[in-house]
Amino acid sequence: MAYEENFQKTSEPKYDCLLFDIDDTLYPFSSGLATLVKNNIQEYMTQKLGIEEDKVQELCLSLYKIYGTTMAGLKAVGYDLDYDDFHRFVHGRLPYSTLKPDPILRNIILSLPIRKVVFTNADKAHAAKIIARLGLEDCFERIISFETLNPNTKTEESPVAATETREIFDISSYIANPDPNVELPKTPVICKPSEGAFEQVFKMTNINPHKTLFFDDSIRNIQTGKRVGLHTVLVGTSHKAEGVDIALEHIHNIREALPELWDADKAEEIRARQKVAIETIA
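Treat the numbers as computed from the prediction; the structure is a model and nothing was measured.

Undergrad: Explain the sheet that holds strand β2 (residues 115-119) here, please?
TA: In a beta sheet, neighbouring strands are held together by backbone hydrogen bonds and run either parallel or antiparallel to one another. Read from one edge to the other, the open sheet built from six strands follows the order β3-β2-β1-β4-β5-β6, with strand pairing classed as parallel. The strands lining the two open edges of the sheet, one partner per strand, are β3 (142-144) and β6 (246-248). Strand-to-strand twist across the sheet, computed as the mean angle between neighbouring axes with direction ignored, equals 20°. In this sheet, strand β4 (residues 212-216) lies alongside strand β1 (residues 17-20) in parallel orientation, the contact comprising four bridges. Within β4, the position partnered with Cys 17 by the bridge is Thr 212. Each of β4 and β5 (231-235) is contacted by helix α12 (residues 219-227), which is oriented at about 170° to β5, the strand it contacts most.

Undergrad: I'm lost on the packing of helix α4 (residues 70-77) against helix α5 (residues 83-91) in this one. Help?
TA: The axes of two packed helices give the description: the angle between them and the distance between them. It is the contact of α4 with α5, at a shortest axis distance of 12 Å, that shows an interaxial angle of 145°. Pair α4 / α5 crosses with right-handed handedness. On α5, the residues touching Met 71, Leu 74 and Lys 75 of α4 are Tyr 83, Phe 86 and His 87. When grouped by side-chain class, the residues that make up the contact of α4 with α5 number four nonpolar, one polar and one charged.

Undergrad: How should the side chain of Thr 232 be read in this particular structure?
TA: Looking at the element boundaries, Thr 232 is found in strand β5. With relative accessibility at 0%, the residue Thr 232 sits in the buried group. Within polar-contact distance, the side chain of Thr 232 engages the backbone oxygen of Gly 243 at 2.6 Å.

Undergrad: Is there a simple way to explain the environment of Lys 124 in this structure?
TA: Along the chain, Lys 124 falls in helix α7 (residues 124-134). Residue Lys 124 is classed as exposed on the basis of its relative accessible area, which comes to 54%. Distance in space between the C-alpha atoms of Lys 124 and His 87 is 9.7 Å, their sequence separation being 37 residues. Here Lys 124 is in contact with Ser 145 and Glu 147, once residues within four sequence places are set aside.

Undergrad: Sorry, what's going on with the environment of Phe 20 here?
TA: Inspection of the secondary structure assignment puts Phe 20 in strand β1. Phe 20 sits in the buried class, given a relative accessible area of 0%. Sequence separation of Phe 20 and Asp 217 is 197 residues, and the distance between their C-alpha atoms is 9.8 Å. For Phe 20, the residues in contact, after removing those within four places along its chain, are Leu 26, Lys 116, Val 117, Val 118, Phe 119, Phe 140, Phe 215, Ile 251 and Ile 254.

Undergrad: What am I meant to see in the pattern of salt bridges here?
TA: Side chains bearing opposite charge may pair, as long as their charged atoms lie close to each other. Across all of its chains, the model carries 11 salt bridges by this definition. Two residues, Lys 192 and Asp 21, come together in a salt bridge whose shortest N-O distance is 3.0 Å. Taken together, the residues Lys 192 in the loop between α10 (171-176) and α11 (195-205) and Asp 21 in the loop between β1 and α2 (33-47) connect sequence positions 171 residues apart. There is no split in this pair, since Lys 192 and Asp 21 are both buried.

Undergrad: Just checking my understanding: could you explain the packing of α2 against helix α3 (residues 53-67) for this structure?
TA: At a minimum axis distance of 9 Å, the contact between α2 and α3 shows a crossing angle of 130°. Judged by the inter-axis angle, α2 sits oblique to α3. Pair α2 / α3 crosses with right-handed handedness. Here Ile 41, Gln 42, Met 45 and Thr 46 of α2 come into contact with α3, specifically with Glu 53, Val 56, Gln 57, Leu 59 and Cys 60. Among the residues making up the contact of α2 with α3, the classes are represented as five nonpolar, three polar and one charged.

Undergrad: Would you explain the pairing of β1 in this entry?
TA: Where burial is concerned, the two faces of β1 agree: the one with Cys 17 and Leu 19 and the one with Leu 18 and Phe 20 are both buried. Alignment of β1 against β2, held across four bridges, turns out to be parallel. Considered in β2, the bridge of Cys 17 is made with Arg 115.

Undergrad: Is there a simple way to think about unusual backbone geometry in this case?
TA: With glycine set apart, most residues show a phi of negative sign, and most peptide bonds adopt trans. Backbone torsion omega between Lys 192 and Pro 193 reads 10°, so that peptide bond is classified as cis. With respect to the secondary-structure elements, Pro 193 resides in the loop between α10 and α11. Positive phi values are uncommon outside glycine, yet Asp 24 reaches one of about 65°. Looking at where Asp 24 falls in the secondary structure, it is placed in the loop between β1 and α2.

What counts and how
- Residues numbered from 1 in each chain as written.
- Predicted model: local features only at pLDDT ≥ 70, side-chain atom pairs only at ≥ 80, totals over all residues.
- Heavy atoms only, no water.
- Pairing = 2+ DSSP bridges.
- Helix = DSSP H or I, 4+ residues; strand = E, 2+ residues; numbered from the N terminus.
- Axes fitted to C-alpha atoms, helices over the stretch in contact; angles between N-to-C directions.
- Contact = heavy atoms within 4.5 Å.
- Left-handed = near helix turned anticlockwise from the far one by under 90°.
- Nonpolar A, V, L, I, M, F, W, Y, C, P; charged D, E, K, R; others polar.
- Buried < 20%, exposed > 50% of the residue type's maximum accessible area, 1.4 Å probe, protein only.
- Polar contact = N/O pair within 3.5 Å; in protein donor to acceptor, adjacent residues only side chain to side chain.
- Salt bridge = Lys/Arg side-chain N within 4 Å of Asp/Glu carboxyl O.
- Parallel < 35°, antiparallel > 145°, perpendicular 65-115°, else oblique.

On their own, these measurements won't tell you what the molecule is for.
So this is what it looks like as structure tokens:
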């Protein structure tokens, strides 16, 4: 019995799930899509929400830094924007055709003998288009998107009407002159890098964070992932930082950086053979 217990401890694989971000992770930042997304967000803020153009860039960045996404921040400070309208404006106009199938990544993912799940802040339509363009449609067990974590997101008012009737919290003034007596408004949006978002994903997918590798291009997301127990892989740079277990210049470098992932199937074969041997001895 002791022999069997020791064998199970030594042969059990370190990881049983891979959790992937999509944008600038499954494809490189050099695609240019991130810049187009940022431009579309800023254009949405001026055209749809009536925010002064000379304030948009700074506001966009501040909300992103504080709330994880600019949309989550806009919602927090009082803009009652329509989520579907925002996603159509920001993602619906992207030139997805610039992304090409990635057979190397496809082969890498399909060759991995463990679970693969996607966790993105993006809407499901954007996620599906990116994954399809890369040729990865059948590579993942599940895709956790904005709608997965925020299922009840319909608003009855138009975004413009909302800005005329609701008081908008002046986040720029707060940042310039922080007041300890003023509490920052909370966002109703559940998204990375919130620890709560990660915890929900773990429950939804039955993921054990201590046996999961998390791939993301955002250092903030990576650091939150580390705090909630994930093993972390920062994609897009070879430079490690606090909270980063492994840093990959490109997602294609998985095999070189993590050869043990491909040992999982070998361990399973050994376990199966050992089980038969133990039963025979018994």
